[in-house]
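Working through the structure, step by step
Each chain is listed here by its residues.
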Amino acid sequence: MIKVITFDLDDTLWAIAPVIDNANRRMLEWMNENTPKFNQTYDNHGIDQLRDEVMVNNPHLTHDLSQIRLTLIQLGLSRCGYAAVESLAQQAFAVYFAARNDVELFAGTHTQLSALKQNYQIGALTNGNADLAQVGIDHLFDFYFNSAQIGVSKPHPDFFATALAHTGLGAESFIHVGDHPEHDIIGAQAAGMRTIWMNSQHIPWPAGQTRPCAEIQHLDQLSDAVADIHAH
């Protein structure tokens, strides 16, 4: 008996690439006005290098995208000679994070989640750092876990085990919905969960891997896929 449906977020409920592009642009616009030396010193490649350096020197931050971003901003500002880098970095990050949560939900998200919530617990399991309250859909979820909270990222078994422990239910009670074949589908399968693959990009399923219970291309197909799994 299915009792819980968990969702990945990025590229499952919204497209993430345009969101990150906009967030980076908004952050750099703010920094151009307030900390212009940063913009003069670091292009996109330079920012990527800062991030890589932060991750190498701070392996404990590997799964915390927000803290990685904040730390790389601090590092860049410090190297540009700014004082009060913590305060400036917090302001720049706040601009970035507000834009990072300014997403365009895929058609059907509200309708489908609202309908499913009538009969199932709804959870979010994400490697990203979206804030469901800022996105405006936290009321549709019963629980939420991200990689920063858990200290590992999908497909690590501990990530899915956290959801199982939180609900007190067995994996046979779960359907996990996600776009990433390895992180979402194969990871959830290994935990014993049923799976629905959100394949909006129409990519081929990886050869040699166990297929998901269902595949959908848009969220309007979700309720039917859930009902079909529940019936079997």
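Figured I'd write up the structure that's included with this text. Since the model is a prediction, treat every value here as computed from it, not as a measurement. (Residues numbered from 1 in each chain as written. Predicted model: local features only at pLDDT ≥ 70, side-chain atom pairs only at ≥ 80, totals over all residues. Heavy atoms only, no water.)

Another aspect to go through is the packing of aromatic side chains. Counted by the stated rule, this structure contains six aromatic pairs. With 6.0 Å between their ring centres and 50° between their planes, Phe143 and Phe145 make a pair best called tilted. Each member of the pair, Phe143 as well as Phe145, is classed as buried. Centre to centre, the rings of Phe159 and Phe160 are 6.3 Å apart; their planes meet at 55°, and the pair counts as tilted. Each of the two residues, Phe159 as well as Phe160, counts as buried. Three or more aromatic residues joined by ring pairs make a cluster, and in this case those are Phe93, Tyr96 and Phe97. Above the plane of the ring of Tyr82 lies Lys37, whose end atom (NZ or CZ) is 5.1 Å from the centre. Lying over the aromatic face of Tyr96, Arg69 brings its terminal NZ or CZ to 4.0 Å of the ring centre. (Phe/Tyr/Trp six-rings, centres within 6.5 Å; stacked < 30°, edge-to-face > 60°. Buried < 20%, exposed > 50% of the residue type's maximum accessible area, 1.4 Å probe, protein only. Lys NZ or Arg CZ within 6 Å of the ring centre and 35° of its normal.)

In this section: the sheet that holds strand 1 (residues 4-7). If you walk across this open sheet you meet the six strands as 3-2-1-4-5-6, and the pairing is parallel. At either end of the open sheet lies a strand with only one pairing partner, and these are strand 3 (143-146) and strand 6 (214-216). On average, adjacent strands in this sheet sit at an angle of 20° to one another, irrespective of strand direction. Of the pairings in the sheet, the one linking strand 4 (residues 174-178) to strand 5 (residues 194-198) comprises four bridges and is parallel in character. By the bridge assignment, His176 is partnered in strand 5 with Thr195. In this fold helix 10 (residues 181-190) packs onto strand 4 and strand 5, with an angle of close to 165° to the strand it touches most, strand 5. (Pairing = 2+ DSSP bridges. Helix = DSSP H or I, 4+ residues; strand = E, 2+ residues; numbered from the N terminus. Axes fitted to C-alpha atoms, helices over the stretch in contact; angles between N-to-C directions. Contact = heavy atoms within 4.5 Å.)

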